[in-house]
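Results of the structural survey
The residues making up each chain are set out below.
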Amino acid sequence: MQLIVVTRTSGLLASIFSLSLSIPLLVGLWYGEDVSSNFALPMAVTLILGILLWFPGRRNSLRISCRDGFLIVAMFWGLLSLMGAWPLFMALNISPLEALFESASAITTTGATILTGLDALPRSVLFFRQELQWMGGMGLIVLGIAVLPMLGIGGMQLYRAEAPGPMKEEKMTPRLASTARALWLIYLSLTAACAFAYWLFGMEPFDAIAHSLSTVSTGGFSTHDDSLSWFHSSQIEGVAILFMLLASLNFGVHYYAIYRRKPLHYWEDIEARSFLILVLVIVVVVCLMLRLEGSYHTLPPSLRDASFEVVSVITSTGFATVDFSHWPDFLPVLLIFVSFIGGCGGSTAGGMKVLRVVLLFKQGMREIRKLIHPNAILPAYLGRHVVDQRIMNAVWGFFAAYTLVFVVLMLLMIHAGLDQVSAFSAVATCMNNLGPGLGKVASNFQEVSSLGKGIAIIAMLLGRLEIFTILILLTPAFWKD
């Protein structure tokens with residue numbers, strides 16, 4: 001049964017990926033580039049493969065178990081990365097591992113790169129990188145849930161395994177397909193609005209569309225080596241800040257605010273409110289430190305750079321207007337620690353998610369009160385609701401697993417040749433799906449060894465699928481009948 005489900009869903013995935021290659025193919029043709037080998041061949045092969053895998057069993061209806069859901073999600077994020085690496089390997093003078101690194105970084109919306117000289121690359125390749133990030137932003141499998149009924153597959157377990165955040169069983173609409181369509185429509189609308197705003201404030205159409213794909217996906221890839229600083233525009237930076245923040249809010253909050261016409265729901269939601277307050281506090285701290293340490297002689301420039309870099313880091317986007325690794329005092333390390341928090345659950349942002357951090361804080365305060373009142377019953381509240389103990393246990397379990405995995409990967413990174421600071425930030429930026437780091441990985445991963453790049457790919461996938469989706473496949477119990 002598992003083989004049939006995997007085969008048929010693989011066929012669908014290959015077909016969707018093949019169709020996605022048509023866009024960079026058309027971009028290349030528009031700009032007069034030779035794209036026959038880079039995109040036409042992979043497009044034809046994946047389309048034929050998809051048809052062969054999907055077509056024979058298209059009339060049979062299947063239901064997948066929770067075990068199937070985790071297996072499919074883990075397999076296909078790996079498969080997506082592999083398929084995305086093919087055109088990059090053919091178009092660029094890089095090794096297969098480097099192509100896989102670039103593809104995995106795009107699909108997981110990490111934004112780390114091994115490439116330089118982006119301004120001279122073919123526009124079809126640049127657009128393909130941005131498109132991979134956009135597809136990965138909400139999760140290609142979540143976006144495909146609305147299409148899965150064509151295969152006769154239920155898909156609830158896929159949604160629960162892929163949707164980011166601690167409360168994965170919540171649904172916004174009675175039917176999963178309707179939920180997926182609502183999410184996709186919000187995601188597409190934000191992307192279109194972002195592209196229009198970029199164009200309105202001075203970007204040419206290609207850059208506007210390309211950067212909107214990596215902004216709303218909080219991926220951070222750019223078509224220029226200098227990222228958004230290439231445009232020297234405070235208005236463009238303002239647009240980026242706005243849409244990075246919107247993309248980092250829970251899309252369920254967007255749904256309620258838009259479809260139920262309750263704009264105050266953005267402030268009523270405790271996670272969204274905590275996130276926005278946290279961003280404001282960190283911006284003020286960074287801005288004051290930059291001004292007091294003498295890096296900036298006036299307040300407006302320090303506020304501008306502090307606002308952009310803090311929002312870019314906490315949303316795990318990774319756009320840059322300055323190199324924050326050269327900022328004074330504790331600021332570079334502070335920003336790396338901020339990336340551990342990330343955005344809200346149910347958003348495109350990475351990190352551990354704000355709601356988990358809020359629950360960890362509440363649990364810590366509850367333990368302090370219990371030391372004072374040992375016999376008291378002290379439930380944890382989230383707004384007006386009591387948090388189920390199962391959710392609290394799940395959050396603690398996630399935090400423990402995250403910490404253990406982080407330590408192991410950091411030790412492996414040091415073994416791969418990085419110094420302690422570079423190894424710490426490399427694992428942090430990959431697991432939190434951020435992109436830029438400190439030390440040798442401040443701007444790119446070119447200096448990282450092949451072993452280090454392989455470890456980084458694993459860290460990206462673990463972070464994107466929130467660890468447990470991958471770790472569960474390694475347990476013997478998962479494979480027992």
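Worth saying up front: this structure is predicted, and the values here are computed from it rather than measured.

Let's shift gears to the overall build of the protein chain. On a plain count of helices and strands, the protein chain comes out with 21 helices and 2 strands. Relative to its full complement of 481 residues, the protein chain shows a buried share of 57%. Put simply, 70% of the contacts in the protein chain that link residues at least 6 apart link residues at least 24 apart. Looking at the protein chain as shown, the accessible area adds up to about 20700 Å², and 67% of this sits on carbon and sulfur atoms.

So, on to the environment of Y255. Inspection of the secondary structure puts Y255 in helix 12 (residues 251-259). On the accessibility criterion, Y255 (11% relative accessible area) is buried. Y255 sits 10 residues away from H265 along the chain, and the two C-alpha atoms are 9.9 Å apart.

Right, let's get into the side chain of S103. Among the secondary structure elements, S103 is positioned in helix 5 (residues 96-107). Here the side chain of S103 touches S81 through a polar contact of 2.7 Å, landing on its backbone oxygen.

Membership of the largest hydrophobic core comes to 132 residues, with the highest contact counts inside it found for Y198, V286, M431 and F445. If you look at the next biggest cluster of nonpolar residues, it comprises 5 residues, including F70, A74, L473 and F478.

Below, the discussion takes up empty space enclosed by the protein. What the rule picks out here adds up to 3 cavities of 30 Å³ or more. Lining the second largest cavity are 11 residues; nearest its centre among them are A349, G350, K353, N433 and R464.

What follows covers the packing of helix 14 (residues 270-292) against helix 16 (residues 331-341). It is at 11 Å that the axes of helix 14 and helix 16 come closest, and there the two elements cross at 170°. Taken together, the axes of helix 14 and helix 16 are roughly antiparallel relative to one another. Here L278, I282, V285, V286, M289 and L290 of helix 14 come into contact with helix 16, specifically with L331, L334, L335, V338 and I341. Looking at side-chain class alone, the contact of helix 14 with helix 16 contains 11 nonpolar, no polar and no charged residues.

Further remarks concern the packing of aromatic side chains. Per the counting criterion, the structure on display carries 19 aromatic pairs. A ring pair is formed by Y31 and F206, whose centres lie 5.9 Å apart and whose planes are at 80°; its orientation type is edge-to-face. Taken together, the positions of Y31 in the loop between helix 2 (22-30) and helix 3 (36-54) and F206 in helix 10 (residues 205-216) put the pair 175 residues apart, joining distant regions of the chain. A relative accessible area of 37% places Y31 in the partly exposed class.

On the secondary structure map, I94 appears in the loop between helix 4 (66-91) and helix 5. I94 sits 20 residues away from I114 along the chain, and the two C-alpha atoms are 9.1 Å apart. With near-sequence residues (within four places) excluded, I94 lies in contact with L88, F89, A99, I114 and L115.

For the rest of this paragraph, the subject is the confidence of the model for the protein chain. Overall, the prediction assigns the protein chain a mean pLDDT of 84, with 87% of residues at 70 or greater. Of all the helices and strands in the protein chain, helix 8 (residues 156-162) carries the lowest mean pLDDT, 43, while helix 11 (residues 234-247) carries the highest, 96. Counting contacts from residues 143-162, a segment whose pLDDT is below 50, to residues more than four positions away or on other chains yields 63 contacts.

Another aspect to go through is a nonpolar patch on the surface. There is a patch of nonpolar side chains on the surface, built from W267, L276, I277, V281, V285 and F330 and spanning about 510 Å² of accessible area. Mapped onto the secondary structure, W267 falls in helix 13 (residues 265-268).

Take unusual backbone geometry next. A positive phi is found at D329, a non-glycine position, where the angle reads about 60°. Here D329 shows up in the loop between helix 15 (299-314) and helix 16. On the basis of relative accessibility, which here comes to 52%, the residue D329 falls in the exposed class. Not every positive phi belongs to a glycine, and N433 is a case in point at roughly 55°. Following the sequence through the fold, N433 ends up in the loop between helix 19 (420-431) and helix 20 (450-464). Among the residues examined, N433 registers a relative accessible area of 3% and is labelled buried.

About the thresholds
- Residues numbered from 1 in each chain as written.
- Predicted model: local features only at pLDDT ≥ 70, side-chain atom pairs only at ≥ 80, totals over all residues.
- Heavy atoms only, no water.
- Helix = DSSP H or I, 4+ residues; strand = E, 2+ residues; numbered from the N terminus.
- Buried < 20%, exposed > 50% of the residue type's maximum accessible area, 1.4 Å probe, protein only.
- Contact = heavy atoms within 4.5 Å.
- Areas by Shrake-Rupley, 256 points an atom, 1.4 Å probe, with all protein chains shown as cover.
- Polar contact = N/O pair within 3.5 Å; in protein donor to acceptor, adjacent residues only side chain to side chain.
- Core = buried A, V, L, I, M, F, W, Y, C linked by side-chain atoms within 4.5 Å.
- 1 Å grid on protein atoms, 1.4 Å probe; cavity = no way out; pocket = protein on both sides within 12 Å on 5 of 7 lines; lining within 4 Å.
- Points joined across faces, edges and corners; volume = space filled by probe spheres on them.
- Axes fitted to C-alpha atoms, helices over the stretch in contact; angles between N-to-C directions.
- Parallel < 35°, antiparallel > 145°, perpendicular 65-115°, else oblique.
- Nonpolar A, V, L, I, M, F, W, Y, C, P; charged D, E, K, R; others polar.
- Phe/Tyr/Trp six-rings, centres within 6.5 Å; stacked < 30°, edge-to-face > 60°.
- pLDDT = per-residue confidence, 0-100.
- Patch = residues over 30% accessible without salt bridge, like charges linked within 9 Å, V, L, I, M, F, W, Y side chains within 5 Å.
- Salt bridge = Lys/Arg side-chain N within 4 Å of Asp/Glu carboxyl O.

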